[in-house]
Amino acid sequence: MQDYLIIKLQGAMQAWGGHTYEDYRPSLIFPTRSAVTGLLGACLGIEREDIQALKALNGCFQLTVRANKRKIVQRENSKEKPLVSMQKITDFHTVQHARKVDGKPRPEAIVSRREYLCDAEFTLALAFVEDAGYDFGRVKQAIQKPVYTPFLGRRSCPIQRPLYEAVVNAENAQTALSKIEPYHGTLYSEIELDGSTPMMARDLPLFATKVRQFNNRNIYILGAGDEHVPE
């Protein structure tokens, strides 16, 4: 049995950046590893330039994400709570000094298109390794009383509710998440799950330099209809 720190990410808009280059910035449909590390780092008060602290934090936990099906009350005193599907929208910004392929800034402005998720909600289960520099208790305290304001991928995406949800003692992350409302949803786990489908995501932060670089990691997807919670 292990304690899992349960976090909920809920807001009108979220953005979890995928692999990109300047003029098009897509969002994955689940929070990335690098974004979760940055979110926790903000709560802990770690500066973005403190590469060694972020590297230590990134190595402290294993991550499982559940994409929830959101329910909302359409009218006051209504007992009906219809499901809301996540949607993607795209807007654009005019950006100056965008990088070229060789890393040098462009002299002209460019149009940068950016994706956002609307009506998305995620529940995260974090399992901490033994003797972690940033341990369970320290991170739990930080998300309950953040040093810097947390946001959902971009500063334009504020959180709708407190991050902290619960602490659950369970055999594994899948069982831990099954105890938290809405109880079901698609899982994206770093740990292989029975019946899951493997895929590769390029969202593992590298900390060799101050330039943001990412490596691939394996994740395992288990759809809500395929989910079997171990005893």
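In what follows, the accompanying structure is described. (Residues numbered from 1 in each chain as written. Predicted model: local features only at pLDDT ≥ 70, side-chain atom pairs only at ≥ 80, totals over all residues. Heavy atoms only, no water.)

1. Structural notes on the overall build of the protein chain
Logical step 1: A count of helical and extended segments in the protein chain gives four helices and 11 strands.
Logical step 2: Across the protein chain, contacts joining residues at least 24 apart in sequence account for 73% of those joining residues at least 6 apart. (Helix = DSSP H or I, 4+ residues; strand = E, 2+ residues; numbered from the N terminus. Contact = heavy atoms within 4.5 Å.)

2. Some details on the state of the cysteines
Logical step 1: The final tally for this structure, using the stated rule, is zero disulfides.
Logical step 2: With no disulfide of its own, Cys-157 has Cys-118 as its nearest cysteine by sulfur position, at a separation of 8.7 Å. (Disulfide = S-S within 2.5 Å.)

3. As for helix 1 (residues 33-44)
Logical step 1: With 12 residues, helix 1 ought to run about 16 Å at 1.5 Å a step, and its terminal C-alpha atoms sit 17 Å apart, in line with that.
Logical step 2: Here helix 1 lies mainly inside the structure; 10 of its 12 residues are buried.
Logical step 3: Taken as a whole, helix 1 has its buried residues at Arg-33, Ser-34, Val-36, Thr-37, Leu-39, Leu-40, Gly-41, Ala-42, Cys-43 and Leu-44.
Logical step 4: After helix 1 finishes, the residue Gly-45 shows a positive phi value of roughly 85 degrees. (Expected span 1.5 Å × (residues − 1). Buried < 20%, exposed > 50% of the residue type's maximum accessible area, 1.4 Å probe, protein only.)

4. Remarks on the side chain of Arg-114
Logical step 1: Relative to the elements of secondary structure, Arg-114 occurs in strand 7 (residues 110-128).
Logical step 2: Look at Arg-114: it is buried, it has no salt bridge, and the nearest opposite charge is Asp-91 at 5.8 Å.
Logical step 3: A distance of 3.3 Å separates a polar atom in the side chain of Arg-114 from a polar atom in the side chain of Ser-112.
Logical step 4: Contact partners of Arg-114, with chain neighbours within four places excluded, come to Arg-25, Ile-89, Thr-90, Asp-91, His-93, Val-95 and Arg-154. (Lys, Arg positive; Asp, Glu negative; His and termini not counted. Salt bridge = Lys/Arg side-chain N within 4 Å of Asp/Glu carboxyl O. Polar contact = N/O pair within 3.5 Å; in protein donor to acceptor, adjacent residues only side chain to side chain.)

5. Comments concerning the pairing of strand 7
When a strand is regular, its side chains alternate between the sheet's two faces.
Logical step 1: With 16 of its 19 residues buried, strand 7 lies for the most part within the structure.
Logical step 2: Note that strand 1 (residues 2-14) and strand 7 share nine bridges and pair antiparallel. Bridging from a neighbouring strand, Lys-8 pairs with Thr-123 of strand 7.
Logical step 3: Note that strand 2 (residues 24-25) and strand 7 share two bridges and pair parallel. Paired with Arg-25 across the bridge in strand 7 is Arg-114.
Logical step 4: Across seven bridges, the pairing between strand 3 (residues 61-68) and strand 7 is antiparallel. Paired with Thr-64 across the bridge in strand 7 is Ala-125.
Logical step 5: Bridge count between strand 6 (residues 87-95) and strand 7: nine bridges; the pairing is antiparallel. Paired with Val-95 across the two strands is Ile-110, which belongs to strand 7. (Pairing = 2+ DSSP bridges.)

6. Concerning the packing of aromatic side chains
Logical step 1: Evaluation of the coordinates by the stated rule reveals three aromatic pairs.
Logical step 2: Between Phe-61 and Phe-128, the ring centres sit 6.3 Å apart and the planes meet at 50 degrees, which makes this aromatic pair tilted. One end of the pair, Phe-61, is in strand 3; the other, Phe-128, is in strand 7, with 67 residues separating them in the sequence. The same class applies to Phe-61 and to Phe-128, which are both buried.
Logical step 3: The interplanar angle of 80 degrees and the centroid separation of 5.8 Å between the aromatic rings of Phe-128 and Phe-136 together place this pair among those described as edge-to-face.
Logical step 4: A relative accessible area of 19% means that Phe-136 is categorised as buried.
Logical step 5: Connected via pairs of aromatic rings, a cluster forms that spans Phe-61, Phe-128 and Phe-136.
Logical step 6: Positioned above the aromatic ring of Phe-61, the side-chain terminus of Arg-33 is 4.0 Å from the ring centre. (Phe/Tyr/Trp six-rings, centres within 6.5 Å; stacked < 30°, edge-to-face > 60°. Lys NZ or Arg CZ within 6 Å of the ring centre and 35° of its normal.)

7. Comments concerning the nonpolar core
Logical step 1: With 41 residues, the main nonpolar core has Ile-7, Leu-9, Leu-40, Phe-122, Leu-124 and Leu-126 as its most contacted residues.
Logical step 2: The set of elements that each furnish at least two residues to this core consists of strand 1, helix 1, helix 2 (51-58), strand 3, strand 7 and helix 3 (136-144).
Logical step 3: Tallying contributions element by element places strand 7 first for this core, with seven residues.
Logical step 4: Excluding residues within four positions of it along the chain, Leu-126 makes contact with Asp-3, Tyr-4, Leu-5, Ile-7, Leu-40, Phe-61, Gln-62 and Leu-63.
Logical step 5: Counting residues in each nonpolar core, the second largest holds 14 residues, with Ile-6, Ala-166, Ile-180 and Leu-187 among its members. (Core = buried A, V, L, I, M, F, W, Y, C linked by side-chain atoms within 4.5 Å.)

8. Some points on the pairing of strand 3
Logical step 1: Within strand 3, seven of the eight residues are buried, which leaves it mostly tucked inside the rest of the structure.
Logical step 2: With five bridges connecting them, strand 3 and strand 9 (residues 185-189) associate as antiparallel partners. In the sheet register, Val-65 faces strand 9, and the bridge partner there is Tyr-188.

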